[in-house]
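Survey of secondary and tertiary structure
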Amino acid sequence: MSVTDLPPSRRTMVSPAPEPSPPGDDLAALYKLIQAGGFWRLAPDWVPRTYAEPTKELADRVRHGLRRLGG
């Protein structure tokens, strides 16, 4: 089979994905937004802003809950 036997849509070469640009002003602006609390205005009010201190008891409760979900 030669290239000419392929339909036109299959003849084109796929170019590699462009390399990501190095962090710069966009990353710095995002960091400032998050530090200023701007991120939280995008999340619903029911999303907790503080979290429980990770303890062994909490890890056991999470493990137990996951096992119940897993069957």
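Rules used throughout
- Residues numbered from 1 in each chain as written.
- Predicted model: local features only at pLDDT ≥ 70, side-chain atom pairs only at ≥ 80, totals over all residues.
- Heavy atoms only, no water.
- Helix = DSSP H or I, 4+ residues; strand = E, 2+ residues; numbered from the N terminus.
- Buried < 20%, exposed > 50% of the residue type's maximum accessible area, 1.4 Å probe, protein only.
- Areas by Shrake-Rupley, 256 points an atom, 1.4 Å probe, with all protein chains shown as cover.
- Salt bridge = Lys/Arg side-chain N within 4 Å of Asp/Glu carboxyl O.
- Expected span 1.5 Å × (residues − 1).
- Patch = residues over 30% accessible without salt bridge, like charges linked within 9 Å, V, L, I, M, F, W, Y side chains within 5 Å.
- pLDDT = per-residue confidence, 0-100.

Focus on the overall build of the protein
Summing up its helical and strand segments, the protein has 3 helices and 0 strands in all. Reading the protein from its N terminus to its C terminus gives the helix and strand order α-α-α. Here the protein holds 71 residues, and the buried ones make up 6% of them. For the protein, the computed accessible surface area is about 7,300 Å², with 61% contributed by carbon and sulfur atoms.

Overview of the pattern of salt bridges
Counted by the stated rule, this structure contains 2 salt bridges. Taking the shortest distance from any N to any O, the salt bridge between K56 and D60 comes out at 3.2 Å. In this pair, K56 and D60 are both assigned in helix 3 (residues 56-70), 4 residues apart and thus about one turn of the helix distant. Between R63 and D60 there is a salt bridge, and its shortest N-O distance comes to 2.7 Å. One end of the pair is R63 and the other is D60, both in helix 3 and 3 residues apart, which spans about a single turn. Here R63 falls in the partly exposed class, since its relative accessible area comes to 40%.

A word on helix 3
Compared with the 21 Å implied by 1.5 Å per residue over 15 residues, the 21 Å span of helix 3 between its first and last C-alpha is a close match. Little of helix 3 is tucked away: 1 of the 15 residues are buried.

What to know about a nonpolar patch on the surface
A cluster of nonpolar side chains, namely L27, L30, L33, I34, F39 and L42, defines an oily patch on the protein surface of about 560 Å² accessible area. Given the relative accessible area of 44%, L30 is considered partly exposed.

Remarks on the confidence of the model for the protein
Residues with a pLDDT of 70 or more make up 65% of the protein, whose mean pLDDT is 75. Taken element by element, the predicted model of the protein shows its lowest mean pLDDT in helix 1 (residues 8-11) (53) and its highest in helix 3 (92).

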